[in-house]
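Chains, contacts and geometry: an overview
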Amino acid sequence: MKEKILAALENEGEYVSGEELSKILGVSRTAIWKNIKNLRNEGYVISSVTNRGYKLEQKPDVLDKNKICEGLETELVGTELIILKTIDSTNEEVKRRASNGSVSGLIIAAEQQTGGKGRLGRVWSSGSGGLYFTLLLRPELPPADIASITLSAGFAVCQAIREYTGLDAMIKWPNDVIIGNRKVCGILTEMAAQSDRIDYVAIGIGINVNIFDFPPELQKKATSLFIETGKEISRNDLFRCVIKKLDEVLSSFMFSFSADDMDIFKSLCATMGKRVTVERGGNIISGEAVDITPAGELVIRDDSKREFTVNSGEVSVQGIY
Ligand code: BTN
């Protein structure tokens, strides 16, 4: 019934009286009123004016599997998509399901997370308006390849944001996406592996989409697509775009990146050419980020012109949060 009322209101685009709705749908006016109340509780903004009736003003930005999957033809990513209202952490949920045999390509998304996790044991604040999801992959690759898988995911999100919003999103090596100097997306990859091969990877992605403001301590470091564009973004459309890009990038990565892919990647990496500091094996390395290898390692040239490659770790980049 709710769907029928919505369809009638959308069809009309103007005020429709309760009487008319009850006639069209063959139910009582009380039933119409109850369903309108339920729709409002779900976030639909429906105005009502005496003698005119009801008008649909705004639809809620709820993640909707049908909308996300519309026209989506992917091979690797999104073989199954499950959307949850709330969960502790989509990474945790994917790991639980992976241990129970879920197949490669599964995506778990949630409207909210009660225990969203960031890297280095940090908390990832996960209220409404963000896009929080985890992709399960079972690649036939050695564990050392995990860094490039995460890098590929960041590359895909960066490209999707650029395509969908037109914003100049960039990658902060290894796995943040930034706009200007502020972070808009973080990625947390977790893995279960044998000594020579990956059992599964859980690639958790959090994108600040319709987040209207941040607490004072984050305002210089974090941003959202809403803040950058000044308008609400359809999370369903953006999600479809991200899944498509993840599929493209991860498929080409599985067969190793081409030189062209690497060139695009480097051109989107804000870390390149900047002065960076990173800890490696207990030593602090400082220098200029001069290259990224096909395996996804960052090449740093120190002041004595010695070159080091690093494949993980917290890198601080001069000028970026
Ligand atoms: C970071 O930058 O520290 C990584 C943040 C990763 C957040 C995402 S949100 C979806 C997934 N579930 C989690 O608990 N974390 C990741």
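The model shown is predicted, which means the values in this text are computed figures rather than measured ones. Here the residue numbering is sequential within each chain, running from 1 through the sequence in written order. At least 70 in pLDDT is required for a residue's local features to be given in this predicted model, at least 80 for side-chain atom pairs to be given and counted, and no such filter applies to totals for whole chains, interfaces and linings, which use all residues. Water and hydrogen atoms play no part in the side-chain values, which are based on all heavy atoms of the structure.

The next thing to look at is the overall build of the chain. The helix count covers DSSP runs of H or I at least four residues long, the strand count covers runs of E at least two residues long, and both are numbered beginning at the N terminus. Each helix and strand in the chain was counted, giving nine helices and 14 strands. In terms of overall dimensions, the chain has C-alpha extents of about 80 × 40 × 35 Å along its principal axes. Note on classification: 1.4 Å probe, protein chains only; a residue is buried when its accessible area is under 20% of the maximum for its type, exposed when over 50%, partly exposed between these limits. Within the chain, the proportion of its 321 residues that are buried is 48%. Contacts: residue pairs with any heavy atoms within 4.5 Å of one another. Taking the contacts inside the chain whose residues are at least 6 apart along the sequence as the reference set, 62% of them involve residues at least 24 apart.

Right, let's talk about helix 5 (residues 90-99) for a bit. Listing the buried residues of helix 5 in full gives Thr90, Asn91, Glu93, Val94, Lys95 and Ala98. At its buried positions, helix 5 is contacted by strand 3 (80-87), strand 4 (106-113), strand 5 (131-137), strand 8 (182-193) and strand 9 (198-207). Distance and chemistry together define a polar contact, namely a pair of N or O atoms within 3.5 Å, with one atom able to donate a hydrogen and the other to accept it when in protein, and with adjacent residues in sequence counting only for side-chain atoms on both sides. The N-terminus of helix 5 is capped by serine 89, whose side-chain oxygen sits 3.2 Å from the backbone nitrogen of asparagine 91. At the C-terminal side of helix 5, glycine 101 shows a positive phi close to 95°.

Time to look at the layout of surface pockets. Cavity: a set of points on a 1 Å grid over the protein atoms alone where a 1.4 Å probe fits but cannot get out. Pocket: an open set with protein on both sides within 12 Å along at least five of seven lines, its lining residues, like those of a cavity, having an atom within 4 Å of a point. Grid points are joined across faces, edges and corners, and a volume is the space filled by probe spheres set on the points. For the largest pocket, the calculated volume is near 930 Å³. If you go around the largest pocket, you meet 40 residues; those closest to its centre are Arg122, Val123, Trp124, Lys183 and Leu218. At the level of elements, helix 5, strand 5, strand 8, strand 9 and strand 14 (315-317) are the ones that each hand at least two residues to the lining of the largest pocket. No other element matches the four residues that strand 8 contributes to the lining of the largest pocket.

Right, let's get into helix 2 (residues 18-25). All of the buried residues along helix 2 are Gly18, Leu21 and Ser22. Take helix 2 and look down its axis: the buried residues cluster within an arc of 95°, on one side only. Projecting away from the buried face of helix 2 at angles above 90 degrees are the exposed residues Lys23 and Ile24. Turning to helix 2, the residues buried within the fold contact helix 1 (2-12), helix 3 (29-41) and strand 2 (53-58). Positive backbone phi, approximately 65°, marks glycine 26, located one or two places after helix 2. Here the arc refers to the directions that run from the helix axis out to each C-beta atom.

Along the chain, the position of proline 174 falls in the loop between strand 6 (169-172) and strand 7 (176-179). Given a relative accessible area of 15%, proline 174 falls into the buried group. A C-alpha to C-alpha distance of 28 Å links proline 174 and leucine 72, two positions 102 residues apart in sequence.

Purely spatial values, then, with no claim about function.
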